[in-house]
Amino acid sequence: MCGIIGYIGDKKASEVILEGIKALEYRGYDSVGIAVIGEDGKIIIKKDRGMLDEVSKKVDFLEMDGTLGIGHTRWATHGPPSFENAHPHTDCEGKVVLVHNGVIENYLELREELMAKGHKFSSETDSEIVAHFIEEYRKNSENFEAFRKAINRLKGSYAIVCIIEGEKKLFLARRNSPLIVGFGKGEMFCASDFTPMLKYTKKFVPMDEEEIAVVEKDGARFFNLRGNERKKKTIEIKWSAEEAERGGYPHYMAKEIEEQKYSIKESFMVDVRKAGELVKKYEKIDVIAAGTSHHAGLMLKYLFQKELKKKVDVVIASEYRYVALPDKETLVIAISQSGETADTLQAIKFAKKHGAKILAITNVVGSSITRIADETLYMNAGPEIGVAATKTFTSQLAVVYKLAFPERDFSYVADDVAGLIEKIREKAEEISRKLKFAKSVFFIGRGICMPIAYEGALKFKEISYIHGEAYAGGELKHGPLSLIEKGVPVIALVQKDETYEKMIGSIKEVKARGAYVVAITDSEEIGNIVDDAIVVECKEKLLYPFYFIIPLQLIAYYTSVERGINPDKPRNLAKSVTVE
Ligand code: AGP
């Protein structure tokens, strides 16, 4: 997946776009490129392989004058990162230039058709064929028609922004990949998400599925794929540009961990009445999610089953189609921070086809998931830029808790979290220094903290590049114990509830084999049997997850920093995974 952006107005396009790409880099960062229409109407392109900072040292993007342009930051799917495969891509003559996010599934067949007609390709990407198709259709049609006809040939997913020599317009198309149009005063924007545009405007139209738009300096027109015009309403986004920026923190992740003191509060204020009615009506509930959101789903299951006695299945989004049996008696709760995760979107489309009702929990207004869902709960966590989900996870938890216990007020947790972060920061850093040379770290938990052990392990591995795996304490003896030897780190989540004695048993099992054990616990006594402990104070047993995840986020963050890794941009990953 990639980040794309377009600008038309009076400002220097390369400047606006360059800054925008920086904000979109979380979506992919193996190559970057910008194209601008110069004063003479001709298109200039500059691009290369590498992250923006690296490429900017070699390529002077700001050399390009012009007030209309497009930009791209890439996460490779078709063709490895290289100069040739970096976007923007062009037709044979360099007159049609575009950026694309998504995957054109029928590109091989289309490429052959174009090659037979004499088109020459410069890259291995699926995206380039779109420019050549526009070129082909331009032979007999005006530019809009040529663009529309080309888009109609594509199967798969696309968000495309295209410029054509001599045209003062941006041509846009969207299917299964996000694309948002931003309305400024005498200037217009488009991008994969709101963040690069917030500085200039708060008014947006998120494009719909299978939609085309033509954007000029003073506005935009929207069409379906048949070319019929559609009326669209703008929505207002309240996030400030500052909210979306780093604000003095060394990394977005550090900022976002701290912001939990606000975001948790916001999320506890979400109005769950309508969603709650839905939940009451259904006996069969399937939760669909990926990664961190899946762990929030496991928490939902715990709360609904254990506390509300309501049966819930939680299925990894990419597996849903193969194992689930949705029908009209099923309520699907789809959890996705971005609302754009392709695996989750495909799973809910499948569920919907079989008659299921869809309730979405997401952070992004107007995201794709909200268009498929029958009902949406926004978690209101504010923008999260770091690839590793932190504040959106605790916000997902808050929404899930609110859904389970609409009458309860848990919002004091947010203040506790603020104090907790400060109290344990140093200890977390100290532990990270001990973990940074480990080959593998095990996370064990039970009961209400089991999903937190999974989340701790995911956070740890994704940004430290050290293998981390979570097991239920009781599972150790069924296999993983053979991996425990002198010095192997085990992080044990030990809460003082019905699982307490059993967890102590698990700690003793690994200690006896020489493990270095760190406890995250609300029990002072545990200090005597482990090597290191982070003691948290938790007022209600039901709320352990909020208190136990904070040390794990901090340990993951500091281990990553200790190892010289940028936790905001872990290799091979991207913030929202818009390909299956
Ligand atoms: C979280 O730290 C990960 N980067 C990742 O697992 C993420 O939670 C997953 O890709 C799902 O994303 P979503 O919530 O936007 O659907």
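Notes on the structure in this doc start here.

A few points about the overall build of the protein chain
- A count of helical and extended segments in the protein chain gives 17 helices and 25 strands.
- In summary, the protein chain has a C-alpha radius of gyration of 25 Å against a globular reference of 25 Å for 580 residues, a match within 12%.
- Principal-axis analysis of the C-alpha atoms places the extent of the protein chain at approximately 80 × 55 × 45 Å.
- Out of the 580 residues in the protein chain, the part that is buried amounts to 63%.
- For the protein chain, restricting intrachain contacts to residue pairs at least 6 apart in sequence, the fraction spanning at least 24 positions comes to 71%.
- Accessible surface, the protein chain: about 22600 Å² in total, of which carbon and sulfur atoms supply 49%.
- Counting 84 positive and 87 negative side-chain charges, the protein chain places the averaged centre of each group 2 Å from the other.

Thoughts on the pattern of salt bridges
- Tallied over the full model, the rule gives 47 salt bridges.
- Here glutamate 384 ties to lysine 575 by a salt bridge, and the two come within 2.6 Å at their closest N and O atoms. In this pair, glutamate 384 sits in the loop between strand E20 (375–378) and helix H13 (391–404) while lysine 575 sits in the segment after helix H17 (544–562), placing the two residues 191 residues apart along the sequence. When sorted by exposure, glutamate 384 lands in the same class as lysine 575, which is buried.

Focus: empty space enclosed by the protein
- Evaluation of the coordinates by the stated rule reveals two cavities of 30 Å³ or more.
- Of the volumes computed, that of the largest cavity is approximately 210 Å³.
- For the largest cavity, the lining is made up of 20 residues, of which Tyr26, Asp193, Gln337, Ser338 and Val364 are closest to its centre.
- By residue class, the composition of the lining of the largest cavity is eight nonpolar, seven polar and five charged.
- If you count residues domain by domain, the lining of the largest cavity takes at least three from each of domain 1 (3–244) and domain 2 (246–410).
- In this structure, the second largest cavity is lined by Cys2, Arg74, Trp75, Ala76, Thr77, His78, His87, His100, Gly102, Thr125, Asp126 and Ser127.
- Along the lines of polarity and charge, the residues of the lining of the second largest cavity split into three nonpolar, seven polar and two charged.

Overview of the environment of aspartate 30
- Mapped onto the secondary structure, aspartate 30 falls in the loop between helix H1 (13–24) and strand E2 (31–37).
- Assessed through its relative accessible area of 17%, aspartate 30 is described here as buried.
- Each C-alpha atom, one on aspartate 30 and one on asparagine 143, is 31 Å from the other, the two residues being 113 residues apart in sequence.
- Residue contacts for aspartate 30: discarding those within four places in its chain leaves Arg49, Gly50, Arg74, Trp75, Ala76 and Pro81.

Regarding the packing of aromatic side chains
- In this structure the tally under the stated criterion is 16 aromatic pairs.
- Here tyrosine 557 and tyrosine 558 contribute two aromatic rings whose centre-to-centre distance is 5.1 Å and whose plane-to-plane angle is 70 degrees, an arrangement assigned as edge-to-face. Of the two residues, tyrosine 557 and tyrosine 558, both sit in the buried class.
- Site record: aromatic cluster; members linked through ring pairs are Phe268, Tyr401, Phe405, Phe410 and Phe546.

Topic: the nonpolar core
- Ranked by size, the top nonpolar core spans 84 residues in total, and within it Leu303, Ile333, Tyr401, Ile491 and Phe546 carry the most contacts.
- The leading source of residues in this core is H17, at twelve residues.
- Each of domain 2 (246–410) and domain 3 (425–566) contributes no fewer than three residues to this core.
- Ignoring sequence-local partners within four residues, the contact set of tyrosine 401 consists of Phe268, Met299, Leu303, Phe410, Ile448, Leu542, Leu543, Pro545 and Phe546.

Focus: the packing of helix H9 (residues 291–307) against H13
- Relative orientation of the contacting elements H9 and H13 amounts to 25 degrees, with a least axis distance of 9 Å. Between H9 and H13, the interaxial angle falls into the category roughly parallel. Handedness of the crossing formed by H9 with H13: right-handed. Across from Thr292, Ser293, His295, Ala296, Met299, Leu300, Leu303 and Phe304 in H9, the residues of H13 making contact are Phe393, Gln396, Leu397, Val400, Tyr401, Leu403 and Ala404.
- A class-by-class count of the residues in the contact of H9 with H13 yields eleven nonpolar, four polar and no charged.

About the criteria used
- Residues numbered from 1 in each chain as written.
- Predicted model: local features only at pLDDT ≥ 70, side-chain atom pairs only at ≥ 80, totals over all residues.
- Heavy atoms only, no water.
- Helix = DSSP H or I, 4+ residues; strand = E, 2+ residues; numbered from the N terminus.
- Rg over C-alpha atoms; globule rule 2.2 N^0.38 Å.
- Buried < 20%, exposed > 50% of the residue type's maximum accessible area, 1.4 Å probe, protein only.
- Contact = heavy atoms within 4.5 Å.
- Areas by Shrake-Rupley, 256 points an atom, 1.4 Å probe, with all protein chains shown as cover.
- Lys, Arg positive; Asp, Glu negative; His and termini not counted.
- Charge placed at Lys NZ, Arg CZ, Asp CG, Glu CD.
- Salt bridge = Lys/Arg side-chain N within 4 Å of Asp/Glu carboxyl O.
- 1 Å grid on protein atoms, 1.4 Å probe; cavity = no way out; pocket = protein on both sides within 12 Å on 5 of 7 lines; lining within 4 Å.
- Points joined across faces, edges and corners; volume = space filled by probe spheres on them.
- Nonpolar A, V, L, I, M, F, W, Y, C, P; charged D, E, K, R; others polar.
- Domains from an automatic or database assignment.
- Phe/Tyr/Trp six-rings, centres within 6.5 Å; stacked < 30°, edge-to-face > 60°.
- Core = buried A, V, L, I, M, F, W, Y, C linked by side-chain atoms within 4.5 Å.
- Axes fitted to C-alpha atoms, helices over the stretch in contact; angles between N-to-C directions.
- Parallel < 35°, antiparallel > 145°, perpendicular 65-115°, else oblique.
- Left-handed = near helix turned anticlockwise from the far one by under 90°.

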